[in-house]
Amino acid sequence: MQVPPFSLSKQLANLAPELDIAISRVLRSGHFIGGEEVEAFEESFARTLGVSNAVSCNSGTDALILALRALDIGVGDEVITCSFSFFATAEAISAVGAKPVFVDVSDDDYLLDLSELEKAINSSTKAIMPVHLFGRPVNMEKLLTIARKYKLKVIEDCAQAAGAKWNGCSVGSWGNIGCFSFFPTKNLGAAGDSGAVVTNDASLAMRMRHLSMHGMPSRYLHTELGYNSRMDAIQAAVLNVKLPKLMGWIDQRQAVAKYYQEMLGDCPSLILPAELDEENATHCWNQFVIRIKSFSDQIENFARNQKPFKDKYFSFPNNENPRDRFKLDLESEGVTTIIYYPIPIHLQPAYADLGYKVGSLPKTEKLCCEVLSLPIFPEITKEQQDYVISRVKTILTE
């Protein structure tokens, strides 16, 4: 049996009649950028999240940049975030001239360690950028308490978390601005790159809208340097078809995750995602990430003693990273998995000038050696999931 990490084939087949109508409507209209489809999506997305304003843009990366620009964060400023994330989280901070400052993550939920946050705050700190990684929400009440104490802005990176909630409120609605990606593999995915920023501040929403159109509040009047970052109408049309299905898909993802938890819970070689208090939070399970427990001590000792390599990669002797061997063994059995993320951002060559070394963020570095994402998508069958579970257990006991 072949089990992909993610598949859109069944979803697209089920939605084909609606998508055909929506895309044809755009093509016949002649309005390919902006227009009614985009406006309808922005209104629906804002309503779904319970916020006042949603502004569409070209990508989740652009969403982060627009948010930072709208909050006047730039050269000389520092933004605290985590290194265990996709590169765009930090890249956006650097793109506006600010400096990313990395705080380690908690090793139980892989999210920004809020107990370490205050240690990183100084007079140059202007904002905190929490990442709702893998669809799991950060404790936003605790984070906002810290942000208010130091008068810091909060930009939520919700790229993997559309539909996730903390204490009944959607991620993205807590901070000053929430940033979303609709990359096709997200739980709310378009047919290409697109994103959105959301906020309850009308003035911030207006500025981000202007920035996304070359800093142009009215035709041919440019009040500041902006970007060309607009959502295509076809992407909006696809999202308008998908958005009403989002919470149903999340229900299915939650069922898949629960079954993994139940069936793999007795496997001593694994560390499964930490339990979530469902009264306080809703996990949307964009990924289901496991860790290889039996190798934890070996990896921890290795990471502690490792010297920096010119490619900044965790290089085990003879390429014998046990997690990587496990991944290859699964692939040989037809189960394709993904590693999020093999190299932490603070050890990427692009950030060599920041001075981070191996050992700077030990929990992040350890996770990058251990984590592996099992196949998860709403349409995965029980037969496929049972096959994944059986292969995992068999390989780990061989």
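In case you missed it, the structure is sitting above this.
(A) Molecular detail of the sheet that holds strand E8 (residues 177-181). If you trace the 7 strands from one edge of the open sheet to the other, you get E1-E9-E8-E5-E4-E2-E3, paired in mixed fashion. Two strands bound the open sheet, and with one partner strand each, they are strand E1 (53-57) and strand E3 (99-103). Averaged over all pairs of adjacent strands, the angle between their axes in this sheet comes to 25°, without regard to strand direction. Of the strand pairs in this sheet, strand E4 (residues 125-128) and strand E5 (residues 153-157) are connected by 2 bridges, and their pairing is parallel. Paired with Ile 128 across the two strands is Val 154, which belongs to E5. Strands E1, strand E2 (78-82), E5, E8 and strand E9 (195-199) of the sheet are contacted by helix H3 (residues 60-70), whose axis makes an angle of about 165° with E8. Together, E2, E3 and E5 form the strand contacts of helix H4 (residues 88-95), whose direction differs from that of E3 by roughly 145°.

(B) Representation of a negative patch on the surface within the structure. On the surface, Glu 275, Asp 277, Glu 278 and Glu 279 cluster together to form a negatively charged patch. Turning to its location among the elements, Glu 278 is positioned in the loop between strand E10 (270-271) and strand E11 (281-282). For Glu 278, a relative accessible area of 70% translates into the label exposed.

(C) Local environment of the nonpolar core. Grouped together as the largest cluster of nonpolar side chains are 40 residues, with contacts concentrated most on Phe 84, Leu 112, Leu 117, Leu 133, Phe 134 and Leu 143. Broken down by secondary-structure element, the contributors of at least two residues to this core are E2, E3, helix H5 (140-149) and helix H11 (362-370). Ranked by size, the runner-up nonpolar core spans 28 residues in total, among them Ile 376, Ile 380, Val 388 and Ile 395.

(D) The arrangement of the sheet that holds strand E12 (residues 288-292) in detail. In space, the 3 strands of this open sheet follow the order E10-E12-E13, with antiparallel pairing throughout. Among the strands making up the open sheet, the edge pair consists of E10 and strand E13 (371-374). Two strands pair when backbone bridges link them, and E12 and E13 are joined in this way by 4 bridges, in the antiparallel orientation. Its bridge partner lying in E13, Phe 288 is registered against Leu 374. Each of E12 and E13 is contacted by helix H10 (residues 322-332), which is oriented at about 20° to E13, the strand it contacts most. This element, H11, spans E12 and E13 of the sheet and lies at about 95° to E12.

(E) Spatial organisation of the pattern of salt bridges. Enumeration according to the criterion identifies 16 salt bridges in this entry. Between Glu 116 and Lys 119 there is a salt bridge, and its shortest N-O distance comes to 3.2 Å. The exposure class assigned to Lys 119 is exposed, which follows from its relative accessible area of 64%. Across the salt bridge formed by Arg 391 and Glu 333, the nearest N and O atoms sit 3.7 Å from each other. A residue pair is termed long-range when its members are at least 10 positions apart, and Arg 391 in helix H12 (residues 382-397) and Glu 333 in the loop between H10 and H11 qualify at 58 residues.

(F) Representation of H10 in the model. Every buried residue of H10 is listed here: Pro 322, Arg 323, Asp 324, Phe 326, Lys 327 and Leu 330. Phi turns positive, to about 95°, at Gly 334, one or two residues after H10.

(G) Up close: unusual backbone geometry. Following Tyr 340, the chain continues to Tyr 341 via a peptide bond in cis, the omega torsion being 10°. You can see Tyr 341 is positioned in the loop between H10 and H11. Here Asp 72, not a glycine, exhibits a phi torsion of approximately 60°, which is positive. Residue position: Asp 72 is located in the loop between H3 and E2. Its identity is not glycine, yet Trp 285 carries a phi of approximately 50°, on the positive side. Under the relative-accessibility criterion, Trp 285 is labelled buried at 11%.

(H) View of the packing of aromatic side chains. Taken as a whole and assessed by the stated rule, the structure comprises 16 aromatic pairs. With centroids separated by 6.3 Å and ring planes inclined at 85°, the aromatic side chains of Tyr 110 and Phe 134 adopt a geometry described as edge-to-face. Note that Tyr 110 is positioned in the loop between E3 and E4 and Phe 134 in the loop between E4 and H5, a separation of 24 residues in sequence. Judged on exposure class, the residue Tyr 110 and its partner Phe 134 are both buried. Ring pairing ties together the aromatic residues Phe 84, Tyr 110, Phe 134, Tyr 340 and Tyr 341, which thus form one cluster.

(I) Representation of H5. When we look at burial in H5, the residues that qualify are Met 140, Leu 143, Leu 144, Ile 146 and Ala 147. One face of H5 carries all of its buried residues, which in axial projection span an arc of 160°. In this structure, H5 carries Thr 145, Arg 148 and Lys 149 as exposed residues pointing more than 90 degrees from its buried face. Residues of H5 that are buried sit in contact with E4, E5 and strand E6 (165-166). Among the residues of H5, the N-terminal cap falls to Asn 139, whose side-chain oxygen and the backbone nitrogen of Glu 141 are separated by 3.3 Å. Once H5 ends, the next one or two residues include Lys 151, with phi positive near 55°.

(J) How the structure looks around empty space enclosed by the protein. For the coordinates displayed, the defined rule picks out 3 cavities of 30 Å³ or more. The computed volume of the largest cavity comes to approximately 90 Å³. Lining the largest cavity are Asp 108, Asp 109, Tyr 110, Leu 133, Phe 134, Arg 136, Pro 273, Ala 274, His 283, Trp 285, Gln 287 and Val 289. In this structure, the second largest cavity encloses a volume near 50 Å³. Together, Phe 6, Leu 8, Gln 11, Pro 184, Lys 186, Asn 187, Gly 189, Lys 242, Trp 249, Arg 253 and Pro 378 line the second largest cavity. Class assignment of the residues belonging to the lining of the second largest cavity gives a composition of 5 nonpolar, 3 polar and 3 charged.

Rules of the game
Residues numbered from 1 in each chain as written. Predicted model: local features only at pLDDT ≥ 70, side-chain atom pairs only at ≥ 80, totals over all residues. Heavy atoms only, no water. Pairing = 2+ DSSP bridges. Helix = DSSP H or I, 4+ residues; strand = E, 2+ residues; numbered from the N terminus. Axes fitted to C-alpha atoms, helices over the stretch in contact; angles between N-to-C directions. Contact = heavy atoms within 4.5 Å. Patch = residues over 30% accessible without salt bridge, like charges linked within 9 Å, V, L, I, M, F, W, Y side chains within 5 Å. Areas by Shrake-Rupley, 256 points an atom, 1.4 Å probe, with all protein chains shown as cover. Salt bridge = Lys/Arg side-chain N within 4 Å of Asp/Glu carboxyl O. Lys, Arg positive; Asp, Glu negative; His and termini not counted. Charge placed at Lys NZ, Arg CZ, Asp CG, Glu CD. Buried < 20%, exposed > 50% of the residue type's maximum accessible area, 1.4 Å probe, protein only. Core = buried A, V, L, I, M, F, W, Y, C linked by side-chain atoms within 4.5 Å. Phe/Tyr/Trp six-rings, centres within 6.5 Å; stacked < 30°, edge-to-face > 60°. Arc of directions from axis to C-beta. Polar contact = N/O pair within 3.5 Å; in protein donor to acceptor, adjacent residues only side chain to side chain. 1 Å grid on protein atoms, 1.4 Å probe; cavity = no way out; pocket = protein on both sides within 12 Å on 5 of 7 lines; lining within 4 Å. Points joined across faces, edges and corners; volume = space filled by probe spheres on them. Nonpolar A, V, L, I, M, F, W, Y, C, P; charged D, E, K, R; others polar.

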